[in-house]
Structure formats: C-alpha cells, structure tokens
Amino acid sequence: MQTRRPDEAELHAWLDGELSPESAAAVAQWLAENPGEAARMAALQAQNAGLRALHGQVLEEHVPLHMRHALRPPPVQWRWPHALAAGIMLSVGLGAGYGLAANRAAMGQARAAAQLPVFVREAVAAHVVYTPEQRHPVEVAAQQQAHLVQWLSKRLGVPLKVPVLDTEGFHLVGGRLLPGETGQARAQFMYENTAGQRVTLYVSVLSQSKAAAAPAAPVAFRWTEDGGTQGFYWIDGHQGYALSATLPRAQLHVLAEAVYRQLD
C-alpha cells in the first residue's frame, strides 16, 4: 500500500533520528517504496556521517607549535586590552587553522569518492538505507531463494548465484532489485549474524566500455570507506561486486574472499 509522501522537514528529521517510532517507521516504509528518494536520503546520511567523522579528526589534531606559543601567559607589563586583543587574534587563528584543515580533508574525501566506480557509490547508499530496516529489509526473503535468484537473474540479464556465508557466521536474509545508473537493474543480497550485524552484496552488470577499463586478472579487491560504512569491491569480467558492512577490515576481507571463491 502506498504511504503518504513525507515533506522535506520530515525526511530530514528522520535522518537526524528526531521522529517518533511510528513516524520513523512510516517514513522508512515510504522510502522502501521509492528507491530514488531512498538513494538521495542515503547519500545525505553518508555525507552527514562523513562530516561528523571529519570534524572528529580535526578536533584530535595537535595545535600547531606557533599557536601553542601564543597561549603562554603575557608579560606582566601588558594591560588587559592587549591581552584581550591577543586572545581574539588567537581564536581567529585557531578557527582558521581548523577550517583550512577541515576543507583540505573534505576536498580529499570528495575527490576519493568521485574516483570510485558508480556502482560502488550506489552500493554504499543502498546499504545505508536498507540495513537499518526491521520490517522490510528485503523484497524477497531467503525462504524463497530459488524465486529470488531466478527473478534477479532475469532482470540483470545474467545468471546470478547467492554465496553461502553460514561458515563465516552470516545467514542470508534475502534480496531486492534496485535501480542503477541510467535505469540499469542492480541486485542486493543481505546477510545477518546472530548479533544482528548486517552485510550486503551489491551486484551490477557493467557496460562494455567500463568492463574493458577494469583491471586485468587476477581480480583485485579494493577497499573503500564512506562515513561509517566500509567495504571491498571488485570487477570480474562484465560484473561489478561490492560488499558493504560496518565490520573490521580483516573480518570483511574474509567475507569478501568467501564470496569471490563461490562466484568464481
């Protein structure tokens, strides 16, 4: 059933966690029915997480030596107007220094994100949107795995296989169909462990030109981190894969290797 479209204020309140549980569930349901808006909210959520992480790093930086010198007590002959002026100048200098550091870090982060393949950015956005969902994390549950694989294989135009990660502690929750660049179909498979941690595998079919530009064999895993979401991605032939989670890098690498072995 189609739910009412939330206005922008409600959507941003949902992002900030300021809605009641009932209102938040209604917004999440509407986003699940509108993948385009869900992707937009995911991008904003990832951006907010990145900014929080960015400023946290800046606050942990050491104050430059020349600014620490300015914090020394003034000579006795100074009068309070001089001390006040020095304090103001120091505050301005510290703010400018932090601002420049934040801008440089933000520009570097933006450049790194822009260099990622489009399907990787799509994978992160989809992971951020759907992994918190409790009632509708997937479109087709694992109990209908045969139907899920047949349906997504038909939509993507290639035979798909769902890796089994039970040995690594993650069971299949299910999967869903997602829109990709210029309307291309994408597939997302979701896994969960007993602690409730979720991992998503995003599968895309690349165009001839993009597949030709991919690194030659052997396939190389590439690491990416966007806000609080980490992942490995790789390109194998005409297909791109992205494994996303909020897990330690070593654990996620084990999962990526298990996925790759089963898909190879």
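Residues numbered from 1 in each chain as written. Predicted model: local features only at pLDDT ≥ 70, side-chain atom pairs only at ≥ 80, totals over all residues. Heavy atoms only, no water.

Colleague: Before we move on, can you summarise the overall build of the chain with the specific residues and values?
Modeller: The secondary structure content of the chain amounts to 9 helices and 7 strands. Across the 264 residues of the chain, 38% fall into the buried class. Within the chain, residue pairs in contact and separated by at least 24 positions form 60% of the contacts whose partners lie at least 6 positions apart. Summing over all exposed atoms, the chain offers an accessible surface of approximately 15100 Å²; the carbon and sulfur share of this is 58%. (Helix = DSSP H or I, 4+ residues; strand = E, 2+ residues; numbered from the N terminus. Buried < 20%, exposed > 50% of the residue type's maximum accessible area, 1.4 Å probe, protein only. Contact = heavy atoms within 4.5 Å. Areas by Shrake-Rupley, 256 points an atom, 1.4 Å probe, with all protein chains shown as cover.)

Colleague: Any details on the packing of aromatic side chains? Residues and values, ideally.
Modeller: All told, the structure shown has 6 aromatic pairs when counted by the stated rule. Ring centres of F221 and W234 lie 4.9 Å apart, and the angle between their planes is 55°; on these two criteria the pair is classed as tilted. Pair noted here: F221 is in the loop between α8 (208-212) and β5 (222-226) and W234 is in strand β6 (residues 229-236), with a separation of 13 residues, a long-range link. In this structure F221 comes out as partly exposed when scored by relative accessible area, which is 23%. Taking relative accessible area as the criterion, W234 reaches 1% and is therefore assigned buried. Each member of the aromatic cluster is reached from another via a ring pair, and the members are F221, W223, F232, W234, Y241 and Y260. The residue whose ring lies beneath R176 is Y130, and the NZ or CZ to ring-centre distance is 3.8 Å. (Phe/Tyr/Trp six-rings, centres within 6.5 Å; stacked < 30°, edge-to-face > 60°. Lys NZ or Arg CZ within 6 Å of the ring centre and 35° of its normal.)

Colleague: A description of helix α2 (residues 21-33) should follow, citing residues and the corresponding values.
Modeller: Between its first and last C-alpha, α2 extends 19 Å over 13 residues, near the 18 Å set by a 1.5 Å rise per residue. Inspection of α2 places V27, A28, W30 and L31 among the buried residues, and these make up the whole buried set. The buried residues of α2 occupy one face: seen down the axis, they fall within an arc of 160°. Exposed residues on α2 whose side chains face more than 90 degrees from its buried face are P21 and E22. (Expected span 1.5 Å × (residues − 1). Arc of directions from axis to C-beta.)

Colleague: Go over the pairing of β5 with me, naming the residues and quoting the values.
Modeller: Sheet topology places β5 next to β6; 5 bridges connect them, and they run antiparallel. Bridge pairing in β6 places E225 opposite Q230. Where β5 folds back onto β6 in an antiparallel hairpin, the turn is made up of 2 residues, including G227, whose phi is positive at roughly 65°. (Pairing = 2+ DSSP bridges.)

Colleague: Now, about the sheet that holds strand β1 (residues 140-141): what can you tell me, with residues and values included?
Modeller: Reading across from one edge, β1-β2-β3-β4-β7-β6-β5 is the order of the 7 strands in this open sheet, with antiparallel pairing throughout. Each edge of the sheet is formed by a strand with only one pairing partner; in this case those strands are β1 and β5. Where β1 meets strand β2 (residues 171-179), 2 bridges bridge the pair, whose relative direction is antiparallel. Across the sheet, V140 pairs through a bridge with G175, a residue of β2. Against the sheet, helix α7 (residues 145-156) contacts β1, β2, β3 (185-192) and β4 (198-205), and its axis sits at roughly 25° relative to β2. (Axes fitted to C-alpha atoms, helices over the stretch in contact; angles between N-to-C directions.)

Colleague: Residue-level account of the environment of E37, with values.
Modeller: One can find E37 in helix α3 (residues 35-60). Residues E37 and L11, spaced 26 residues apart in sequence, show a C-alpha to C-alpha distance of 9.8 Å. Contacts of E37, omitting those with residues within four sequence positions, involve R5, L11, W30 and L31.

Colleague: Kindly report on helix α1 (residues 8-15), identifying the contributing residues and their values.
Modeller: Of all the residues in α1, the buried ones are L11, A13, W14 and L15. Looking at where α1 begins, the residue whose side-chain oxygen comes 3.2 Å from the main-chain nitrogen of A9 is D7. G17 sits one or two positions beyond α1 and adopts a positive phi of about 70°. (Polar contact = N/O pair within 3.5 Å; in protein donor to acceptor, adjacent residues only side chain to side chain.)

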